[in-house]
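Understanding the architecture of this molecule
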Amino acid sequence: IEAVSSKALAIATALLDAGADPNAGWSDGANAFTVLVGVIGGGEGQQAAHPQAEAFVRLLIARGADPFAPQALYNTSLGPDSTFWLDLLWSESEKRGETHKWTGPAPKELGDKGCASALAYLLGNAVPHHIQRTRWLLEHGADARGINFYSRRPVIKHAVLAGSEDMVEL
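The present account deals with the structure reproduced in this document. (Residues numbered from 1 in each chain as written. Predicted model: local features only at pLDDT ≥ 70, side-chain atom pairs only at ≥ 80, totals over all residues. Heavy atoms only, no water.)

On to the overall build of the protein chain. Summing up its helical and strand segments, the protein chain has 11 helices and two strands in all. Along the three orthogonal principal directions, the C-alpha set of the protein chain runs to about 50 × 30 × 30 Å. Looking at the protein chain residue by residue over its 170 residues, the buried ones come to 44%. A separation of at least 24 residues holds for 62% of the contacts in the protein chain among residues at least 6 apart in sequence. Put simply, the protein chain shows about 8,900 Å² of open surface, and 56% of that area lies on carbon and sulfur atoms. With 14 positive and 19 negative side-chain charges, the protein chain shows a spacing of 4 Å between the two charge centroids. (Helix = DSSP H or I, 4+ residues; strand = E, 2+ residues; numbered from the N terminus. Buried < 20%, exposed > 50% of the residue type's maximum accessible area, 1.4 Å probe, protein only. Contact = heavy atoms within 4.5 Å. Areas by Shrake-Rupley, 256 points an atom, 1.4 Å probe, with all protein chains shown as cover. Lys, Arg positive; Asp, Glu negative; His and termini not counted. Charge placed at Lys NZ, Arg CZ, Asp CG, Glu CD.)

Two elements in contact, helix α4 (residues 53-62) and helix α6 (residues 84-95), have axes whose closest approach is 12 Å; the angle formed by their N-to-C orientations is 15°. Here α4 lies roughly parallel to α6, going by the angle between them. When you trace α4 past α6, the crossing you get is right-handed. Mapping the contact onto sequence places Ala-53, Glu-54, Val-57, Arg-58 and Ile-61 in α4 and Phe-84, Trp-85, Leu-88, Leu-89 and Glu-92 in α6. For the contact of α4 with α6, the class distribution of residues is seven nonpolar, no polar and three charged. (Axes fitted to C-alpha atoms, helices over the stretch in contact; angles between N-to-C directions. Parallel < 35°, antiparallel > 145°, perpendicular 65-115°, else oblique. Left-handed = near helix turned anticlockwise from the far one by under 90°. Nonpolar A, V, L, I, M, F, W, Y, C, P; charged D, E, K, R; others polar.)

Under the defined criterion, the tally for this structure stands at 10 aromatic pairs. On the basis of an interplanar angle of 85° and a centroid distance of 5.7 Å, the ring pair of Trp-90 and Trp-136 is categorised as edge-to-face. You can see Trp-90 sitting in helix α6 and its partner Trp-136 sitting in helix α9 (residues 131-139), a full 46 residues away along the chain. The same class applies to Trp-90 and to Trp-136, which are both buried. Note on Tyr-121 and Phe-149: the rings are 5.6 Å apart at their centroids and 50° apart in plane angle, and the pair reads as tilted. Of the two residues, Tyr-121 sits in helix α8 (residues 118-126) while Phe-149 sits in the loop between α9 and α10 (155-161), which places them 28 residues apart along the sequence. On the basis of relative accessibility, which here comes to 3%, the residue Tyr-121 falls in the buried class. (Phe/Tyr/Trp six-rings, centres within 6.5 Å; stacked < 30°, edge-to-face > 60°.)

Approximately 230 Å³ is the volume found for the largest pocket. In terms of lining residues, the largest pocket is bounded by 18 residues, among which Asn-75, Thr-76, Gly-79, Pro-80 and Trp-85 are the most central. Contributing elements (two or more residues each) for the lining of the largest pocket: α5 (70-77) and α6. No other element matches the four residues that α5 contributes to the lining of the largest pocket. Tallied by class, the residues present in the lining of the largest pocket amount to seven nonpolar, 10 polar and one charged. In this model, the second largest pocket occupies a volume close to 160 Å³. (1 Å grid on protein atoms, 1.4 Å probe; cavity = no way out; pocket = protein on both sides within 12 Å on 5 of 7 lines; lining within 4 Å. Points joined across faces, edges and corners; volume = space filled by probe spheres on them.)

Once that is clear, we can look at the environment of His-100. Looking at the element boundaries, His-100 is found in helix α7 (residues 100-103). Along the chain, His-100 and Ser-117 lie 17 residues apart, while their C-alpha atoms are 9.4 Å from each other.

Now for α5. Burial analysis of α5 places eight of its eight residues in the buried class, which makes it a mostly covered element. Pro-70, Gln-71, Ala-72, Leu-73, Tyr-74, Asn-75, Thr-76 and Ser-77 are the residues of α5 that are buried. Buried residues along α5 sit in contact with β2 (32-34), α3 (35-40), α6, α7, α8 and α9.

Within the largest apolar cluster, 42 residues are counted, with the highest numbers of intra-cluster contacts made by Leu-36, Val-57, Leu-73, Leu-89, Trp-102 and Leu-137. Elements represented by at least two residues in this core include exactly α2 (8-17), α3, α4, α5, α6, α8, α9 and α10. Among the elements that line this core, the one with the most residues is α8, at seven residues. What Trp-102 contacts, discounting residues up to four positions off in sequence, is Phe-68, Leu-73, Leu-86, Leu-89, Trp-90, Ser-93, Ser-117, Ala-118, Leu-119 and Trp-136. (Core = buried A, V, L, I, M, F, W, Y, C linked by side-chain atoms within 4.5 Å.)

Structure representation (structure tokens):
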């Protein structure tokens, strides 16, 4: 496993050079799990990211993978308060002129018709415990008056009920 892991980028490059699809994946019927999702990890099972996840993601995106990866965004929203993947995936979407995917109608992995946008869904997951992520989402267009997808209550109510004064102020 060590030998394969240390050569993962070279192997992936060879496969992409041979015509592998950088958007390849599978679906469980409700969610799309792409190579990008697997490399980033996270989710309910807190799967570890690939040891070279950032380089791997950059390679896949450079070769055509869609940086707007709803399942990866969902998976990382369940982890620690970090904006690393949000920053990387947003900036790559921005380079393509595709940030509308984040701000437009939510994909099925991020609330579908029950949520205004991917950003709105992610804000509901961030409040009240992830202040860095909340700040990032608000700075990128999430609505502070938004509704949590699961509880159907305003996100600020979650912050108030949690006693998170910093979050309420934000």
